[in-house]
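Chain and residue survey
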Amino acid sequence: MKKIWLWIKNNKLAAALLVLAAFLLAKNSIYSSLLTKRTTSSTLLPVTGGRDLVGFGASPSSLNFSKTQETAPSTSQERLVIETSNLSLVADDVEQTSQKIIEKTKELGGFMVEVSLTKPEESPLGTIIVRVPEGKKDEALNYFRSLAVKVSSERVLGRDVTDQYEDIGERLATLAKTKVKFEEILEKAEKVDDILRVQRELISLQSQIDSLKGRQEYLEKSAALTKITIYLSSDELALPYQPQGAFRPKVIFKQAVRSLVKTLRGIAKLFIWLAVYSPIWGGALVIIFAIKWFKKRKKKI
């Protein structure tokens, strides 16, 4: 103990650095453990079996929403919630509808994230991902629904990240205070080794602060801009969320016709392959018949 005490007396600056480093590590580990234990509440609003919107004057409120909700404890402060929505729409013209969706998104102050349009032999299919300001979300969803012949399904998901956001703020405050202390030590440091140690600690602290600020900014922007994914197709069966429930003869007929067409196409492909490889299997048949003919002729002789 005496040796340790003498060392501390002779190396006060180094001892102070060790104490601050231990304090920083302890704080970060505590906040990290608390952050992983936080649970977020979510709001899930699935919609199945949408109703026709064209020709019936149906409004979004007429859709049959089945609600499953987990509410966070009520607090006086505003909650930070990241919302995402998925729409599965039946449209007459997939390409034209996708263009209207992108134009409306820009008009509302949002932007397009991704567009994917495919034209399979059965029916065209499109996937559009956009982000719109949270305040314009309802207007955007209402407009997107109005473009459809039918809303096949809808899903709205809300993820509360308030606790995570607050934890990041607390960690930033702690790191900022620690950084100030290290800067004060740096001003008093005289030895080169001590200066280098403090600078390394400051660089590490600044890296952690930048990382946390980036995460905090990401949460803020994600909460401010709602992500909406729209699936479009002229055929309801091609959509990710397919209709379920009652007996539907038209749907069964379509499936049977497609199965027949697929079988006929498979047979046609087989004949094409046989025709392309005819020089090989045709030549082999000619050789086989020639060998048999020569054997029969020898027997007669």
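Above this text sits the structure in question.
In this text, all values refer to a predicted model and were calculated from it rather than measured experimentally. (Residues numbered from 1 in each chain as written. Predicted model: local features only at pLDDT ≥ 70, side-chain atom pairs only at ≥ 80, totals over all residues. Heavy atoms only, no water.)

**Digging into the side chain of Ser-233**
Applicable threshold: Secondary structure elements follow DSSP: runs of H or I no shorter than four residues count as helices, runs of E no shorter than two count as strands, and numbering proceeds from the N terminus. Three exposure classes are used, based on accessible area relative to the maximum for each residue type with a 1.4 Å probe and protein chains only: buried under 20%, partly exposed in between, and exposed over 50%. What qualifies as a polar contact is a pair of N or O atoms within 3.5 Å, subject to a donor-acceptor requirement within protein and to the restriction that residues adjacent in sequence count only when both atoms come from side chains. Should any heavy atoms of two residues lie within 4.5 Å, those residues are counted as being in contact.
Residue placement: Ser-233 occurs in strand β7 (residues 225-233). Taking relative accessible area as the criterion, Ser-233 reaches 0% and is therefore assigned buried. A distance of 3.1 Å separates a polar side-chain atom of Ser-233 from the backbone oxygen of Pro-124. If near-sequence neighbours (up to four positions away) are discounted, Ser-233 is found in contact with Leu-89, Val-90, Ala-91, Val-94, Ser-123, Pro-124, Leu-125, Ala-238 and Leu-239.

**As for the nonpolar core**
Applicable threshold: Put simply, a nonpolar core is a bunch of buried Ala, Val, Leu, Ile, Met, Phe, Trp, Tyr and Cys residues held in one set by side-chain atoms that sit within 4.5 Å of each other.
Core analysis: the biggest nonpolar cluster contains 18 residues, and Leu-89, Ile-101, Val-130, Phe-144, Ile-228, Ile-230 and Leu-232 have the highest contact counts within it. For this core, the elements supplying multiple residues, two or more each, are β3 (81-90), α3 (94-107), β5 (125-133), α4 (137-146) and β7. If near-sequence neighbours (up to four positions away) are discounted, Leu-89 is found in contact with Phe-144, Ala-148, Lys-150, Val-151, Ile-230, Tyr-231, Leu-232, Ser-233 and Leu-239. By size, the runner-up hydrophobic cluster in this structure holds 15 residues, among which are Phe-182, Ile-185, Leu-205 and Ala-223.

**Digging into the packing of aromatic side chains**
Cut-off, in case you're wondering: Ring geometry is summarised as follows: Phe, Tyr and Trp rings, the Trp one being its six-membered ring, pair when their centres sit within 6.5 Å, and such pairs are stacked at plane angles under 30 degrees, edge-to-face over 60 and tilted between the two. Working rule: Lys NZ or Arg CZ, within 6 Å of ring centre, within 35 degrees of ring normal, means a charge sits over the ring.
Following the criterion strictly, the structure yields three aromatic pairs and no others. With a centroid separation of 5.9 Å and an interplanar angle of 10 degrees, the aromatic rings of Trp-273 and Tyr-277 are classed as stacked. The class of Tyr-277 is partly exposed, set by a relative accessible area of 41%. Ring plane angle 70 degrees and centroid distance 5.1 Å describe the contact between Trp-293 and Phe-294, whose orientation is recorded as edge-to-face. The class of Phe-294 is partly exposed, set by a relative accessible area of 47%. The ring centre of Tyr-143 lies 5.1 Å from the NZ or CZ of Lys-104, which sits over that ring.

**Considering the pairing of β5**
Applied cut-off: At least two DSSP bridges between two strands are needed for those strands to be called paired.
The pairing of strand β4 (residues 111-118) with β5 spans seven bridges and is antiparallel. Residue Leu-117 lies in a different strand from β5, and its bridge partner there is Gly-126. In terms of strand pairing, β5 meets β7 through nine bridges, oriented antiparallel. Bridge pairing links Thr-127 to Tyr-231 in β7.

**Quick word on the packing of helix α5 (residues 162-188) against helix α6 (residues 192-224)**
Quick note on the threshold: Only C-alpha atoms enter the line fits that serve as axes; for helices the fit covers just the stretch in contact. Angles between N-to-C directions range over 0 to 180 degrees. Geometric relationships in this document are graded by angle, where less than 35 degrees denotes roughly parallel, more than 145 denotes roughly antiparallel, 65 to 115 denotes roughly perpendicular, and other angles denote oblique. Crossing handedness: left-handed means the near helix sits turned counterclockwise from the far one by under a right angle, and right-handed means the same turn made clockwise. Basically, the charged four are Asp, Glu, Lys and Arg, the nonpolar ten are Ala, Val, Leu, Ile, Met, Phe, Trp, Tyr, Cys and Pro, and anything else, Gly included, counts as polar.
Packing of α5 against α6 leaves a shortest axis separation of 9 Å and a crossing angle of 160 degrees. Of the possible angle classes, the one that applies to α5 and α6 is roughly antiparallel. Both α5 and α6 take part in a crossing whose hand is left-handed. Residues belonging to the contact of α5 with α6 are distributed by class as follows: 15 nonpolar, seven polar and seven charged.

**Things to note about the pattern of salt bridges**
Once the charged atoms of two side chains with opposite charge are near each other, the side chains can pair. How we decide: What makes a salt bridge here is a side-chain nitrogen of Lys or Arg within 4 Å of a carboxyl oxygen of Asp or Glu, nothing more.
For the coordinates displayed, the defined rule picks out seven salt bridges. A salt bridge links Asp-163 to Arg-79; its shortest N-O distance comes to 3.8 Å. Here Arg-79 lies in the loop between β2 (68-69) and β3 and Asp-163 lies in helix α5, a separation of 84 residues in the sequence. Classification of Asp-163 by relative accessible area gives partly exposed; the value is 23%. For Lys-137, the salt bridge goes to Glu-83, with nearest N and O atoms at 2.6 Å. Of this pair, Lys-137 sits in helix α4 while Glu-83 sits in strand β3; the two residues are 54 residues apart in sequence, bridging distant segments of the chain. Taken individually, Lys-137 and Glu-83 each receive the classification buried, so the pair is uniform in this respect.

**Some thoughts on the packing of α3 against α4**
Following both chains from N to C, one finds α3 and α4 inclined at 160 degrees, their axes separated by 11 Å at the closest point. Taken together, the axis directions place α3 and α4 in an arrangement best described as roughly antiparallel. Of the two elements, α3 crosses α4, and the hand of that crossing is right-handed. For the pair formed by α3 and α4, the contact residues are Lys-100, Ile-101, Lys-104 and Thr-105 on the first element and Glu-139, Tyr-143 and Phe-144 on the second.

**Points about the environment of Glu-139**
Tracing the sequence through the fold places Glu-139 in helix α4. Along the chain, Glu-139 and Lys-104 lie 35 residues apart, while their C-alpha atoms are 9.8 Å from each other. Those residues in contact with Glu-139, other than ones at most four positions away along the chain, are Lys-104 and Leu-108.

**Some remarks on the environment of Ala-224**
Considering the arrangement of structural elements, one finds Ala-224 in helix α6. With residues up to four places along the chain from it excluded, the contact list for Ala-224 reads Val-132, Pro-133 and Glu-134.

**Observations regarding the pairing of β3**
Of all the 10 residues making up β3, eight are buried; the element is thus mostly covered by neighbouring parts of the structure. Where β3 and strand β6 (residues 150-160) come together, 10 bridges link them in antiparallel fashion. Bridge pairing in β6 links Leu-89 to Val-151. Pairing analysis gives seven bridges linking β3 to β7, with the strands arranged parallel. Across the sheet, Leu-89 pairs through a bridge with Leu-232, a residue of β7.

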